[in-house]
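Structural features, examined
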Amino acid sequence: MNFTKTILPNGLRLITVPMKDNPSVTVLVMVEAGSKYESKNINGLSHFLEHMVFKGTPRRPKATDISRELDGLGAQYNAFTGQEYTGYYAKVAAQQLDKALDIVSDLYLNPMFPVEEIEREKGVIVEEIRMYQDMPHRDVHDVLSALIHGDQPAGWSIAGTEDHVRSFTREQLITYRSEHYVSQATTVVVAGSFDESTIQTQVEKLFGSLSVSAKKGKDKVIEKQDVPRFVIKHKETDQAHVAIGVRSFSLFDPRIPVMNVMMTVLGKGMSSRLFSKMRDQLGICYYVNAGHDTYTDHGNVVLAAGVDVSRLGEAVKGIMEECIRLKTEPVGEAELEKAKNYMIGTTMLELETSEARSEFVGSQEILKGKVQTLEESIAKIRAVTSSDIQKLAQEIFVDQHLNMAMVGNVKDDSAFKSDFTFAAK
């Protein structure tokens, strides 16, 4: 995958990813602004701002003006907010690139934040928060983050609380945006079919007015844990949703490829260890997975499943046994090769579209300041050995970094307490 990175005179980063003969093009603007850049009293403001960007500009005064114009292009468009970045994108037919660039840049640069729209959007976001809380398989991850990281940005919900959302003011939005939506913190990605000879000039002209002020930073995550911890959020559900989390390391750590291969062996795909044990052997769940959430200054391994409450102890025991097995038994060569091929194959399939390629390079640039090519990623995956995995498992799967969150009709810890450990039995 070829790409070109250019730093424009105002400090904005432009990454172009040409895809010849591709019928579409994606414009993605990403900024270093997310929930980890917030203080407690404005938790959720990054996400609120993301919503408000679509509520009007001087050239497009109403939200319907924006949506009607994008719909008129046949565009796929949206925005997203995470802990460390916010993104805005539009994917259109290649011949509509100029219009898409104009619209996305206008939204990013010129939001008006009408007071009446702010008040109206508060109701929308409160319902979004409630919607996610009514989805226990999703809510359990927020409960786990709060357990692991406590009362600091890494432990707060990205959407904030209902009380926070209802308190936000136009002045807070303007101040936060001025502190973070600046040229040095912004990356524009154009991926797909476009004229490579003119795209830089277009972007430079459209984003030339972006503020060159200094970027406000964020506090470093505080890591502190000595004993295993768990929390139960009682909810009348038919399933208990379990998320087991282990502290790990940041995305700059050289062990990232080893971790990714280990997570694939453990819980990626229908032949992974957790899927085989929990679904095929025990018939205990519909979904089970393993992943590694990485950020600029911390990371978490997360293993999750939804199970019948009556089989909760069996589920926890099964998950812990597979982690212990990685510590005590080397992964066989055939299984290791399968995991590597799975990772490489799924990544290549995922990168078939222009929007996927834009996010692939944009997220790396915004977080790391450097893009690792697909070829480099594949080489690092291929280099992982069975002994690398066993060593990492022994370092990561330790009780002093162990956490578990549950959401469901769970009364106490009697069903799983004895098996909540990485100690081999």
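Coordinates for the structure precede this section.
Quick caveat, the model's predicted, so the values are computed rather than measured.

Looking now at helix α7 (residues 170-180). Along α7, the residues classified as buried are L173, Y176, R177 and H180. Take α7 and look down its axis: the buried residues cluster within an arc of 100°, on one side only. If you follow the buried residues of α7, they end up packed against β3 (24-31), α1 (45-52), α3 (97-109) and α4 (115-133).

Next up on the list: the pattern of salt bridges. This structure, assessed with the given rule, holds 34 salt bridges. For E365, the salt bridge goes to R13, with nearest N and O atoms at 3.0 Å. Placement of E365 in helix α13 (residues 354-368) and of R13 in strand β2 (residues 13-18) is noted, with a sequence separation of 352 residues between them. Each member of the pair E365 and R13 is classed as buried. Measuring nitrogen to oxygen at the nearest pair gives 3.1 Å for the salt bridge that ties E322 to R325. Taken together, the residues span about one helical turn, with E322 and R325 both in helix α11 (residues 312-328) at a distance of three residues.

Among the nonpolar cores identified, the biggest contains 52 residues, and Y108 and V203 are the most heavily contacted of them. In terms of residue count, the dominant contributor to this core is α3 (eight residues). Leaving out residues up to four positions away in the same chain, V203 has contacts with L8, L12, L14, L101, V188 and G208. By size, the runner-up hydrophobic cluster in this structure holds 50 residues, among which are V261, M263, L266 and V307.

Moving on to the sheet that holds strand β8 (residues 239-247). On the basis of which strands lie adjacent, the open sheet formed by five strands has the order β7-β11-β8-β10-β9 and mixed pairing. The open sheet has two edge strands, β7 (229-234) and β9 (285-294), and neither has a second partner. In this sheet, neighbouring strand axes are inclined to one another by 15° on average, regardless of whether the strands run parallel or antiparallel. Alignment of β8 against strand β10 (residues 299-308), held across nine bridges, turns out to be antiparallel. Each residue of the ladder has a partner; that of A243, found in β10, is A304. Contacts between helix α9 (residues 256-267) and the sheet are confined to β9 and β10, with β9 contributing the most and set at about 175° to the helix.

An order of β1-β2-β6-β3-β5-β4 is seen for the six strands of this open sheet, with the pairing classed as mixed. The sheet is open, and its two borders are formed by β1 (4-7) and β4 (76-81), each paired with just one other strand. Going across the sheet, the axis of each strand differs from the next one's by a mean of 15°, ignoring polarity. For β4 and strand β5 (residues 86-93), the ladder comprises six bridges, and the chain directions are antiparallel.

This part covers the environment of V126. When you line up the elements, V126 lands in helix α4. Here V126 falls in the buried class, since its relative accessible area comes to 4%. A sequence separation of 235 residues divides V126 from V361, and the C-alpha atoms of the two residues are 32 Å apart. When near neighbours in sequence (up to four residues on either side) are disregarded, V126 contacts E162, V165 and R166.

About the criteria used
- Residues numbered from 1 in each chain as written.
- Predicted model: local features only at pLDDT ≥ 70, side-chain atom pairs only at ≥ 80, totals over all residues.
- Heavy atoms only, no water.
- Buried < 20%, exposed > 50% of the residue type's maximum accessible area, 1.4 Å probe, protein only.
- Helix = DSSP H or I, 4+ residues; strand = E, 2+ residues; numbered from the N terminus.
- Arc of directions from axis to C-beta.
- Contact = heavy atoms within 4.5 Å.
- Salt bridge = Lys/Arg side-chain N within 4 Å of Asp/Glu carboxyl O.
- Core = buried A, V, L, I, M, F, W, Y, C linked by side-chain atoms within 4.5 Å.
- Pairing = 2+ DSSP bridges.
- Axes fitted to C-alpha atoms, helices over the stretch in contact; angles between N-to-C directions.

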